[in-house]
Amino acid sequence: MKNKGSDASEVVILERRWVAEFRSKTDVSIVPKFQSGEPTLHLGAASTPRSEPWAVAPGEVNSEGLRDRIRQLRRLMMEIKEERPADEARQFLPSSQLDSLGEPQLTSIQRIANEPKLEFSLACKDLAAAARDRKLNTFIQVSVVHPAEHVVTRYSSTEIVEGTKDPLFLTGVTFPPEYPIYEETKIKLTVYDVKDKSQDTVRTSVLPDHKEPRADVGRSFLGSATFRVGDLVKAKEQLLTLTLRTSDGGKALGTVEVNLVKMGELEEGETDHITADTQDQKCALVRECTATEGISGKDNLPSLNAVLRNPVCKLYRFPTSDNKWMRIREQMAETTLSFHVPKELINLHIKEDMRRNQELKDLGELAPHWDNMRKSVIAHCDQMLSMYQDTLAELGKHTGSSFKSSCSKGEKTLEFIPINLHLQRMHVHSPRLKDALYDVITVGAPAAHFQGFKNGGLRKLLSKFEAERRNTGYQCIYYSPENTAKAKEVLSTINHLQPLISSHADLLLSSASQRSPDSLKNSLKMLSEKTELFVHSFKDQLVRSALLALYTARPGCVLKKPAVPRNSSEEGADAEHQDHPSQMKRQDSIPHHSEYDEEEWDRVWANVAKSLNCLIAMVDRLLEKDNKDNTSSIKEGEEEPSAADCKVLHTGGDWYEQLYPLVITLKDCMGEVVTRAKQSMAFVLLQELACGLPQCLMLTLRRDIVFSQALAGLVCGFVIKLHTGLHDQGFLQQLHTVGLLVQYEGLLSTYSEEAGMLEDMAVGISDLQKVKFKVIEAKSEDFLPIITGRREHYVIEVQLPAKMFELLPQEIKEGKLLHMYPVLFNVGINEQQTLAERFGDTTLQENINQENLELLKEYYKLFTEKMPPDCLPHFQEQNDLKGLLESLHQNIQAKKRKNVEIMWLAATICRKLNGVRFTCCKSAKDRTSMSVTLEQCSILRDEHQLHKDFFIRALDCMRSRQTQGALNESDDPETGCLTDNKPTSRHFYPVALLLVSSHLLVVWLILSLALLLAKYQ
C-alpha cells in the first residue's frame, strides 16, 4: 500500500476475508473485512470502474484458490495419462522417434446406420452432503477427453434433481453418428450440488472448461469420476458403477451408475427401486425388445443425409403410468434446403423475368404513349432483375451454417432465406406400444424483415394496391388479377406446349420414313393430345380483347366492324381447303396501318385445329391403304412379295412425302398463333406493370421473398414426411389420391410489427397452394430436389434412390402431381398480444383462423369422398375427427382471449390426417420451443401413458438450457448470436404459467418494463 504521491509503505495480505464496496458523494472505496477481526480497511479508488477489478481480483487470487487449482491440475494430469505400455513409452521417447510412431490407432464403436454412436443414462447413490441437514439439488456435467488431443471438452449436462441423495436423472447422454468418439475416449462425470438453481442454470454453461465454479455462483463441487467408452461398451451388464471422489483423489463421496442405452430395448430384469423424484415415486426398470421396423432404414440414408445436417440429440427416460420406462430421443437438425430452395427459386425468377422483358421488347411498334410506357417498365424490370442476380451471386458465396440465425433476419443478402429452419423429431420407445416418430418443422414466420412493416404486410399492401390500380384513369388499361394470372398461364402454356408439339411432329415424320404403323399411331396420338390442349388454351375472351387493345396501341390504327357471318357456300369452300391444307392462305401478322378484323383471330387459331384434322385424315388413309395392299398381296400369291416388289410399292406411296407438307402447315399455323398470342398477353402484363410502377415490382419482390421462405420449409416437411411414411401404403394412397395437409401453427401477436409479419405469413402460406410435388427416381448421387415452373405454378421434383422409388404406388411412379393443402391457425400468446386484446384489434387473427378453418373442412370432405373409411388406422374413428373439427369451429367462433385450445385442436387434427406440422413465431426461438416441448409432453401423456406426476418434470427436462451441453461460451444455442450483453435470464417468469392467464402477462409486462428502466437509467 502507498499514500498518494509516495512509495509503497505497507503490505496487506488479503486472506480469509470478504470484500464490500463503500460509496459516498465524493469517495468510492473497496472495504476488505477479515474473519480474524483485523481492522477494516478502506482502499480508495478514483471511480467505480477502477474499483471493480480490485473487488473481483482478491477473490480469484488467494492461497486456497491456488491450492484448489494445483489439485485440479494434478487430477487432470492423472486422468489423461494413458495406461497402455505403448503410450507410457511415448512419454520417454525423443521427439524424432515419437514422430515416427504416428497417430494412435483408435477403435471405432459398432453401431446401426444413422443411429447415435453412444447413449447412456445416469444415476447417483449415497451422495454426501456438506451439511447433514441440507438436501442435495444435484446435476451431472459430462465432459469428453479426446484420446488424440488430450483436451477436456464440456459436452452436456443432466437436469437438476432436487431434494435427494440418490438422484435418478431423466436426461441421458447421446452422441450423434458423426461425433468422433472411440473406445479409447474417456468420459468425465462431475457432480455438483446447486444452491441457487435459477442462477446456476444460466452460468453453468459459460464457465471455461478448465475452471471449477466458485462457491459464490450458486453451486458446489461434490465429486467426479472418469471411465473409458470401451469399458462401458464391453461391460457384462453394460453397466458401470463408478466411485465419486474429490479433486485431489481423496475420500469417496458416493457412486454414479452409467447404463448403456439402446433405443430398441430396455434394461434386463427388475432392479432395485430407485427414487425418481421428490415425492419418492418408485419405478422398476424392465428389459423388453420391440421391433423398430419402418422407423428408420439404411435405404433412407443417402437421400436424408442430403437434406439434414448437424443433428443435435438429447435422450430422456420417463416412467409410464404402469411403472415401466419409456425412452425418448429428441433430435434437432438443420437442413441444406434453407439455402438450396431459395437459390433454385431465385434462378427461376431470373429466367422468367428475362423472358418477360424480351416479350415486352418483341411487342413491335407502339404509339408514343405506349412506347414510353414500355421503356419505363423495361428499365424498372432491368433494375429488379439486376437485384435478383446480385442476391443469387451473394448466396452462392455463402459458407458456414446451413440455416439463417435470427440475428441475421434483417440482412438484405439473406432475405430470401428462412429463419432458423429446423426439424424437431421425437422418437418414442414404449414398453407396450410400437415405436413412434413425431416430427415438427420449426421456422421463423415467413416475412420480409428487411423491407420492414411500417405500412403493414402483404395482406394489407396487396389490397391497397389493387384498389389504387382501379383508379389509374386513362394512363393504362385495367386488367383484374384474374386476367393477369390468366395471361401468365397462357404464356406458360405456349412456352411448354410449342416445343412438345414440334417434337411430336418430328417423331411422326420419323415414323413415316421408317414406315412403322404402330409407331406412327403412337406419334399421332401424342401429337393430337398436345395440339388439342394448345388450341383449347386460347378459347378465352381475354386473348381476343387483348389483341384488339394491342391493335389500338399501334400507330394509325383503324377499327373495322365485325364481318357478316359466312354463308354455306363459304363454309363449303373452307371444307375444300380443309382437304388441301397446303393451299390454305396464311394470315398476315397483326396489321399496323390497316383495318383490323375482329374475327381474324378466330380464323387463325382455328387453322391449327383444321391442320391437325387434315393430318389425322391423311394418316388414316395411309394406314388403311397399307392394310389393304398387304391383304391383297397375301391373297393373290402363295409367297410374300419380294424385296424388289416392296421397294417399288413403297416408293410409289411414300408416307414421308405425303405427311411432310401437312406437318409444315401445322407448324406454320401454330407459329402464327404463338406470335399473336404472345404479343397480346405481353401487352396485358405491360398494363399490369405500368399501372403500379414501382409499387408493383416491390410487391412482387416482397411476395417472392415471403414465398421463398415458406417454400423452403414446405419442401423440407414434404421430404421428411415422405421418408417417414414410405412403408405406409395407406399414407401413400392418400398422398396421390387426396393430397397432403400442411398445418402451420402461428404464435405471432396482432400488435405493431408482428401484425405485419402475420400478414406476410398468411399470404406466403396461401401461395403454397400453387405448388405441386412430383417424385422421380434419382439418376445420380445428388438427391436434392429440383424446382421447375413459374410464379403462378411450381413443380418440386423430389428424387429418391431406386430401392426407395420401387416402394411407391404406380400412380406416383408414373409422375402424378401431388397436391398441397396448407392451412394456418394463429394465436398470439406474448405480452404484445395482451396489448392488442386490451387496446388494439384482433380482427386479422380471427379472419385468418376462420378462412383456414373452411380450407381444413374442404380437405376433410375431399378425404371422406375419395378414401375408404378403413384405409388408415387413424380414420377408423371418423366421429372423433368430426368432433374435433366441430370443437375447433366453436373455439374459433368464441373469440376467447389467447385461446390456445385452437392450436392444440388444429395440431391433433393434422396428426390424425397424416399432415405435416409447422410451428412458427417471430424467430422460431422462445415461443416456438415452449410450444413444441409442451406438445411433445402432451403426446407422451395422451399417447404413451406418461406418468401424470412426471408431466411437469418431463417438461422441465426438455426446456432446460442446462441440458444443452457443449455450447460456445458466448453463443446462443438457438440463434448463434452473441449474448454477452443480454440479461442473465431469458424469461422473467415461466412462460407455461403465463399461458394460463392474461392477467399474469400484464404483471409480467409491468415488471419487465420496470427492470428495463432500472437497467438503462
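Residues numbered from 1 in each chain as written. Predicted model: local features only at pLDDT ≥ 70, side-chain atom pairs only at ≥ 80, totals over all residues. Heavy atoms only, no water.

Another point: the environment of Asp540. If you trace the backbone, Asp540 turns up in the loop between α12 (517–536) and α13 (541–552). Considered as a pair, Asp540 and Val490 are 50 residues apart in the sequence and their alpha carbons are 9.7 Å apart. (Helix = DSSP H or I, 4+ residues; strand = E, 2+ residues; numbered from the N terminus.)

Another aspect to go through is the packing of aromatic side chains. Scanning the model with the defined rule gives 15 aromatic pairs in all. Both rings, one in Tyr155 and one in Tyr179, keep their centres 5.2 Å apart while their planes meet at 75°; by these two values the pair is edge-to-face. Of this pair, Tyr155 sits in strand β6 (residues 152–157) while Tyr179 sits in the loop between β8 (173–175) and β9 (186–194), and the two are 24 residues apart along the sequence. Measuring from ring centre to ring centre gives 5.6 Å for Tyr316 and Phe318, while their planes differ by 20°; the resulting arrangement is stacked. Of the two residues, Tyr316 and Phe318, neither departs from the other in class, the shared state being buried. The structure contains a cluster of three or more aromatic residues connected by ring pairs, namely Phe120, Tyr155, Phe175, Tyr179 and Phe227. (Phe/Tyr/Trp six-rings, centres within 6.5 Å; stacked < 30°, edge-to-face > 60°. Buried < 20%, exposed > 50% of the residue type's maximum accessible area, 1.4 Å probe, protein only.)

Next up on the list: unusual backbone geometry. The backbone of Lys898 shows a phi angle near 45°, a positive value even though the residue is not glycine. Tracing the backbone shows Lys898 in the loop between α25 (878–894) and α26 (901–912). Classification of Lys898 as buried rests on a relative accessible area of 11%. One non-glycine residue, Ala924, lies in the positive phi region at around 60°. Along the chain, Ala924 turns up in the loop between β26 (916–921) and α27 (926–943).

Phe534, Trp601, Leu659 and Met681 are the most contacted members of the largest nonpolar core, which has 84 residues in total. Take this core: its biggest share by element is 17 residues, from helix α17 (residues 655–690). Once residues lying within four places of it in the same chain are set aside, the contact partners of Met681 are Ala487, Val490, Leu491, Leu542, Val543 and Ala546. Core analysis: the next-biggest nonpolar cluster, separate from the first, contains 60 residues, Val443, Leu748, Met761 and Ile765 among them. (Core = buried A, V, L, I, M, F, W, Y, C linked by side-chain atoms within 4.5 Å. Contact = heavy atoms within 4.5 Å.)

On to the sheet that holds strand β17 (residues 422–429), then. One open sheet holds the ten strands; their spatial order is β15-β16-β17-β18-β26-β21-β25-β22-β24-β23, and the pairing between them is mixed. Looking at the sheet topology across the chains shown, the edges are occupied by β15 (308–319) and β23 (786–790). Averaged over all neighbouring strand pairs, the angle between strand axes comes to 25°, with direction disregarded. Its contacts with the sheet place helix α20 (residues 753–767) against β21 (740–746), β22 (771–777), β25 (818–826) and β26, and it is angled at close to 160° to β25. (Pairing = 2+ DSSP bridges. Axes fitted to C-alpha atoms, helices over the stretch in contact; angles between N-to-C directions.)

Take the environment of Asp602 next. Inspection of the secondary structure assignment puts Asp602 in helix α15 (residues 600–636). Sequence separation between Asp602 and Arg544 is 58 residues, and the spatial gap between their C-alpha atoms is 8.4 Å.

For the structure on display, the rule yields 28 salt bridges. As a salt-bridge pair, Lys895 and Glu846 come within 4.0 Å of each other at their nearest N and O atoms. Taken together, the residues span a long stretch of sequence, with Lys895 in the loop between α25 and α26 and Glu846 in helix α24 (residues 843–866) at a distance of 49 residues. We classify Glu846 as partly exposed; its relative accessible area is 24%. The shortest N-O distance in the salt bridge between Asp942 and Arg941 comes to 3.0 Å. A relative accessible area of 43% means that Asp942 is categorised as partly exposed. Each of Glu352, Asp353, Arg356, Asp704 and Arg791 takes part in a single network of salt bridges with overlapping partners. (Salt bridge = Lys/Arg side-chain N within 4 Å of Asp/Glu carboxyl O.)

Attention shifts here to a nonpolar patch on the surface. Judged by side-chain polarity, Tyr656, Tyr660 and Ile664 come together as a nonpolar surface patch covering roughly 250 Å² of accessible area. Structurally, the position occupied by Tyr656 is in helix α17. Classification of Tyr656 as partly exposed rests on a relative accessible area of 33%. (Patch = residues over 30% accessible without salt bridge, like charges linked within 9 Å, V, L, I, M, F, W, Y side chains within 5 Å. Areas by Shrake-Rupley, 256 points an atom, 1.4 Å probe, with all protein chains shown as cover.)

Two numbers describe how α12 lies on α17: the axes approach to 13 Å, and their chain directions differ by 15°. In terms of orientation, α12 and α17 fall into the roughly parallel class. The two elements α12 and α17 cross, and the hand of that crossing is left-handed. Every residue of α17 that contacts α12 at Pro517, Leu520, Leu527, Thr531 and Phe534 is listed here: Trp655, Leu659, Leu666, Met670, Val673 and Val674. (Parallel < 35°, antiparallel > 145°, perpendicular 65-115°, else oblique. Left-handed = near helix turned anticlockwise from the far one by under 90°.)

The next thing to look at is the packing of helix α11 (residues 481–514) against α12. Close contact between α11 and α12 brings their axes to 9 Å; oriented N to C, the two are set at 160°. Considering the angle they form, α11 stands roughly antiparallel to α12. In the packing of α11 onto α12, the handedness of the crossing is left-handed. Residues Leu497, Leu500, Ile501, His504, Ala505, Leu507, Leu508, Ser511 and Ala512 of α11 form the contact with α12, whose own contacting residues are Ser519, Leu520, Ser523, Leu524, Met526, Leu527, Lys530, Thr531, Leu533 and Phe534.

What follows is about the side chain of Arg356. Positionally, Arg356 belongs in helix α8 (residues 337–361). The class of Arg356 is buried, set by a relative accessible area of 15%. Excluding anything up to four places from it in sequence, Arg356 contacts Cys381, Leu685 and Leu689.

Our focus in this paragraph is α27. Here α27 spans 26 Å end to end across 18 residues, near enough to the 26 Å set by a 1.5 Å rise per residue. Looking at α27, one finds that the buried residues are Arg927, Thr928, Met930, Ser931, Val932, Thr933, Glu935, Gln936, Cys937, Ser938, Ile939 and Leu940. Two residues or fewer past α27, Gln945 is found with a positive phi of approximately 60°. (Expected span 1.5 Å × (residues − 1).)

This paragraph deals with helix α19 (residues 729–737). Residues Gly730, Phe731, Leu732, Gln734, Leu735 and His736 constitute the buried set of α19. Looking at the buried positions of α19, the neighbouring elements they touch are α18 (695–724), β21, α22 (810–813), β25 and α24. With a side-chain oxygen positioned 3.2 Å from the backbone nitrogen of Gly730, the residue opening α19 is Asp728. Following α19 by one or two positions, Gly739 has its phi on the positive side, about 125°. (Polar contact = N/O pair within 3.5 Å; in protein donor to acceptor, adjacent residues only side chain to side chain.)

Looking now at the pairing of strand β5 (residues 137–145). Within β5, nine of the nine residues are buried, leaving the element largely enclosed by the surrounding structure. The two faces of β5 match: Asn137, Phe139, Gln141, Ser143 and Val145 on one face and Thr138, Ile140, Val142 and Val144 on the other face are all buried. In this structure, β5 lies alongside strand β7 (residues 161–162), joined through two bridges in antiparallel fashion. Looking at the pairing, Thr138 lines up with Val161 of β7. Where β5 and β9 come together, eight bridges link them in antiparallel fashion. Paired with Ser143 across the bridge in β9 is Lys188.

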